[in-house]
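A closer look at the structure
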Protein chains: 2
Amino acid sequence: MKTFKIAILGFGTVGSGTYEILQTNHDVIRKRIGADFAVSHVLARHPEKAEMRGANPALITSDPAEIFQDEETDIVVECIGGLEPAKTYILEAMRHGKHVVTPNKAVIAANFEELTECARENGVAFRYEASVGGGIPILTSINEALAANNFTRIDGIVNGTTNYILTQMADNDLSYSTALKMAQDSGFAEANPTADVEGIDCANKLSILMALCFDTYIPPQDIPRTGISAITKDDIREAKEKKVLLKLISHAVLLDDGTVDCWIRPTEIPQDHPLACVNNEFNAVVLDADMVGETMFVGKGAGALPTGSAVVGDLIAIMRGRF
Amino acid sequence: MKTFKIAILGFGTVGSGTYEILQTNHDVIRKRIGADFAVSHVLARHPEKAEMRGANPALITSDPAEIFQDEETDIVVECIGGLEPAKTYILEAMRHGKHVVTPNKAVIAANFEELTECARENGVAFRYEASVGGGIPILTSINEALAANNFTRIDGIVNGTTNYILTQMADNDLSYSTALKMAQDSGFAEANPTADVEGIDCANKLSILMALCFDTYIPPQDIPRTGISAITKDDIREAKEKKVLLKLISHAVLLDDGTVDCWIRPTEIPQDHPLACVNNEFNAVVLDADMVGETMFVGKGAGALPTGSAVVGDLIAIMRGRF
């Protein structure tokens, strides 16, 4: 029975969540896939922090070259986040013949064509289910189960921070700044919430969805974008009177001439629309396609274990030989 | 470039929908998978009917043995429906080394262990995404993208006929018999609606979901079941007053002792619950699992092209070498 060696770069939320799932569900996964696996390395800038979070100290290193040059390492999981050194590490791993899994929507959206091409040139897998919608199997559905279709439209609530804030504003008649503070106190928003509340995070995810659904790469910075920071209590009240909810929607449609129209902005959703039921930290993506029609996927868009579930789902696919 | 030969048994709704997708989207699928494919046979009891529905007459046969003995046929799609000869054909195909894809929930639920074991013994694929939730990628998600998880709960609206009837009763203050007649006139219910309205179709689907989620096979006839035929206008009115909707829910939960508790019955769903937004012919499945938490999948549970999309998704998986 083959034993796959998996290196985890970074031991923050997703890195430690991935590690935890590989431990906790080790036996059931091994039986399901008919192969064994082990974490071979944990790359951490602060080894003592990684150890406090639960990493086996024998696996911890702060030298990435040690990982890329280790011929026994089969798969690298990039959980550092941000653009660099994440991009460099991903390319290095691929050039050393290692498969790559990552939840890092920013690095993928900024470098989609380069990363995809590098994986193809080196004959390795490049999987990133966790980069859009956390644990929701949205990318796998697009690429695999729904591969008989041509997609025509995407509508998503793909950021849990903003969805939490808007839900709290609507449910509890709160101002934006009060709801933001609540989100921060509850761990649903960062100390610097800009990337979330201004829709930058949404743009990264929409860029990835469009690349996969429409075979069209639009850099995230080219997507017209309005966040939620200007929404007032009056806006929420007016929406209630009109029997709609305000949601931050990421939208893209493939036009008849083959071009793509896309935007991200607060949008009125009728109260009886399925997206109106997607609240707080939940995410949802609605797809329209020529054969299956409309489908919707709902789940937790963030968190150590939900996102780790998507990362490990990708690891399982690779260990089963499905790139 | 390999050319896969696909035989379609039966040319009703799903058989013809599958055939149509393989024609219409032939080029885009071929590019996506890097392999070619062709329908080699269409098995039809009434060849002239199949031809009228669009089957190439050169492919039509009424002799199943011709298909099973054809060494060039790689994959058999069973679209006859019912228990026999569907079961016999599936086993014959597998014993002749052919992969099998089917939307037939009745034959799978009645023979789950025998069919699964025969596929394993003969080293062939046995895929049936279309058997639960039509085009919704629910089984692929359970078996693949969510394979890092242990599932604990299933709640589904998995029958479009009954969901359509209940939606019309609630939205338009109709009696059950009036709503049933409307469903029949609109093509959402059969002339003999028993299997749908009494929850038998749900039982087949729940049996399959439990087998895959809990690794526990419960024959459909052993699932406690109440259909919708006794629901009155008063029931609907009382539900509205309580701010709930009546939905036919198929439910299963894995208990701490490893046993499974399951039932199918009309259930009160709070108006703000995500399942309350799933109306008319739409289906939905909610799963709860240890790592990803709660996920929901929504889409069209029936129809030639939605169901055909799931069948062709399975064909694509097989042609990509993923059993």
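Before going into details, it helps to say that this report is about the structure given with it. (Residues numbered from 1 in each chain as written. Chains lettered and ligands numbered in written order. Predicted model: local features only at pLDDT ≥ 70, side-chain atom pairs only at ≥ 80, totals over all residues. Heavy atoms only, no water.)

Of the regular secondary structure elements, chain A holds 14 helices and eleven strands. Over its C-alpha trace chain A gives a radius of gyration of 20 Å, about what one expects of a compact globule, namely 20 Å for 323 residues. For the C-alpha atoms alone, the extent of chain A along its principal axes is close to 60 × 45 × 35 Å. Split into buried and exposed, the 323 residues of chain A put 59% on the buried side. Expressed as a percentage of contacts within chain A between residues at least 6 apart in sequence, the contacts between residues at least 24 apart total 69%. Surface accessibility of chain A: about 12,700 Å² in total, with carbon and sulfur atoms responsible for 47%. Positive and negative side-chain charges of chain A, numbering 28 and 44 respectively, have mean locations separated by a distance of 5 Å. (Helix = DSSP H or I, 4+ residues; strand = E, 2+ residues; numbered from the N terminus. Rg over C-alpha atoms; globule rule 2.2 N^0.38 Å. Buried < 20%, exposed > 50% of the residue type's maximum accessible area, 1.4 Å probe, protein only. Contact = heavy atoms within 4.5 Å. Areas by Shrake-Rupley, 256 points an atom, 1.4 Å probe, with all protein chains shown as cover. Lys, Arg positive; Asp, Glu negative; His and termini not counted. Charge placed at Lys NZ, Arg CZ, Asp CG, Glu CD.)

This brings us to unusual backbone geometry. Trans is the common state for peptide bonds, and a negative phi is the common state for residues other than glycine. Residues and elements named next belong to chain A. With omega at 5°, the peptide bond leading from Glu-84 into Pro-85 counts as cis. Following the sequence through the fold, Pro-85 ends up in the loop between β4 (75–78) and α5 (86–95). If you check the backbone angles, Asp-173 has positive phi at about 55° while not being a glycine. Along the chain, Asp-173 falls in the loop between α9 (160–172) and α10 (176–185). Positive phi, close to 50°, is recorded for Asn-280, a residue that is not glycine.

The next thing to look at is the packing of helix α1 (residues 13–24) of chain B against helix α14 (residues 304–319) of chain B. Packed helices, taken two at a time, are described by the angle their axes make and the gap between the axes. Residue and element names in this part refer to chain B. Relative orientation of the contacting elements α1 and α14 amounts to 65°, with a least axis distance of 8 Å. In this structure, α1 meets α14 at a crossing whose hand is right-handed. Residues Thr-13, Val-14, Gly-17, Thr-18, Glu-20, Ile-21 and Leu-22 of α1 touch α14, and the partners they reach there are Ala-304, Leu-305, Thr-307, Gly-308, Ser-309, Val-311, Val-312 and Leu-315. (Axes fitted to C-alpha atoms, helices over the stretch in contact; angles between N-to-C directions. Left-handed = near helix turned anticlockwise from the far one by under 90°.)

In this section: the interface of chain A and chain B. Every contact between the two is made by 41 residues of chain A and, on the other side, 41 residues of chain B. Here chain A and chain B share an interface that buries about 3,600 Å² over both sides, 57% of which is from carbon and sulfur atoms. Seen at the junction of chain A and chain B, the total is two salt bridges. In this structure, A:Glu144 and B:Arg322 form a salt bridge, with 3.8 Å as the shortest nitrogen-oxygen distance. Inspection of the chain A/chain B interface yields 16 residue pairs in polar contact (both at pLDDT 80 or more). Secondary-structure elements contributing two or more residues to the side of chain A that touches chain B are α1 (13–24), α2 (26–33), α8 (138–145), β11 (293–300) and α14 (304–319) of chain A. (Buried area = accessible area lost by both parts, 1.4 Å probe. Salt bridge = Lys/Arg side-chain N within 4 Å of Asp/Glu carboxyl O. Polar contact = N/O pair within 3.5 Å; in protein donor to acceptor, adjacent residues only side chain to side chain.)

Residues and elements named next belong to chain A. Pairing within the open sheet is parallel, and its six strands lie in the order β3-β2-β1-β4-β5-β6. The strands lining the two open edges of the sheet, one partner per strand, are β3 (60–61) and β6 (126–127). Direction of pairing for strand β2 (residues 36–43) relative to β3: parallel, over a ladder of two bridges. In the sheet register, Leu-43 faces β3, and the bridge partner there is Thr-61. (Pairing = 2+ DSSP bridges.)

For the rest of this paragraph, the subject is the relation of the copies chain A and chain B. When chain A is brought onto chain B, the operation consists of a screw motion whose angular component is 180° and whose axial shift is 0.0 Å, with 0.0 Å RMSD remaining. The two molecules are tied by a two-fold rotation axis, judged by turn and shift. Across chain A, the smallest distance between a C-alpha and the rotation axis is recorded for A:Phe297, namely 2.4 Å. Looking at chain A, 100% of its interface residues are interface residues in chain B too, so the copies touch through the same face. (Least-squares fit on C-alpha atoms with pLDDT ≥ 70 in both.)

It is worth spelling out the environment of B:Ile154 at this point. Residues and elements named next belong to chain B. Note that Ile-154 resides in strand β7 (residues 151–157). Take Ile-154: its relative accessible area is 0%, and that puts it in the buried class. Distance from Ile-154 to Arg-30, taken between C-alpha atoms, is 35 Å for residues 124 residues apart in sequence. In contact with Ile-154, other than residues within four places in its own chain, are Leu-206, Leu-209, Met-210, Cys-213, Phe-214, Ser-250, His-251, Ala-252, Val-285, Val-286 and Leu-287.

Counting 168 residues, the largest nonpolar core has A:Ile154, A:Met210, A:Leu287, B:Ile154, B:Met210 and B:Leu287 as its most contacted members. When sequence neighbours within four positions are dropped, the list of residues in contact with A:Leu287 reads A:Ile138, A:Ile142, A:Leu146, A:Phe151, A:Arg153, A:Ile154, A:Cys213, A:Gly293, A:Glu294, A:Thr295 and A:Phe297. (Core = buried A, V, L, I, M, F, W, Y, C linked by side-chain atoms within 4.5 Å.)

Moving on, we come to the environment of B:Val107. Residue and element names in this part refer to chain B. Here Val-107 is to be found in helix α6 (residues 105–110). On a C-alpha basis, the gap between Val-107 and Gly-81 in space is 7.7 Å, while along the polypeptide they are 26 residues apart. Every residue in contact with Val-107, bar those within four places of it in the chain, is listed here: Glu-78, Gly-82, Leu-83, Ala-86, Lys-87, Ile-90 and Leu-115.

Another point: the side chain of A:Gln168. Residue and element names in this part refer to chain A. Examined against the element boundaries, Gln-168 turns out to sit in helix α9. The exposure class of Gln-168 is buried, given its relative accessible area of 9%. Polar side-chain contacts of Gln-168 include one of 2.7 Å to the side chain of Asn-172. Excluding residues that lie within four positions of it along the chain, Gln-168 makes contacts with Asp-173, Leu-174, Ala-179, Met-182 and Asn-280.

Once that is clear, we can look at the pattern of salt bridges. Residues and elements named next belong to chain B. Counted by the stated rule, this structure contains 33 salt bridges over all chains. With a shortest N-O distance of 3.0 Å, Arg-127 and Glu-144 are connected by a salt bridge. Here the residue Arg-127 occupies a position in strand β6 (residues 126–127), and Glu-144 occupies one in helix α8 (residues 138–145), the gap between them amounting to 17 residues. Overall, Glu-144 belongs to the buried group, its relative accessible area being 13%. A salt bridge links Arg-237 to Asp-234; its shortest N-O distance comes to 3.1 Å. Of this pair, Arg-237 and Asp-234 both sit in helix α13 (residues 233–241), three residues apart, which is roughly one turn of that helix. The class for Arg-237 is partly exposed, based on a relative accessible area of 41%.

The buried fraction of strand β11 (residues 293–300) of chain B is high, at six of eight residues. With three bridges connecting them, β11(A) and β11(B) associate as antiparallel partners. Residue A:Val298 lies in a different strand from β11(B), and its bridge partner there is B:Met296. In this structure, strand β10 (residues 282–289) of chain B lies alongside β11(B), joined through eight bridges in antiparallel fashion. Residue B:Phe282 lies in a different strand from β11(B), and its bridge partner there is B:Lys300. Between the antiparallel neighbours β10(B) and β11(B) lie three residues.

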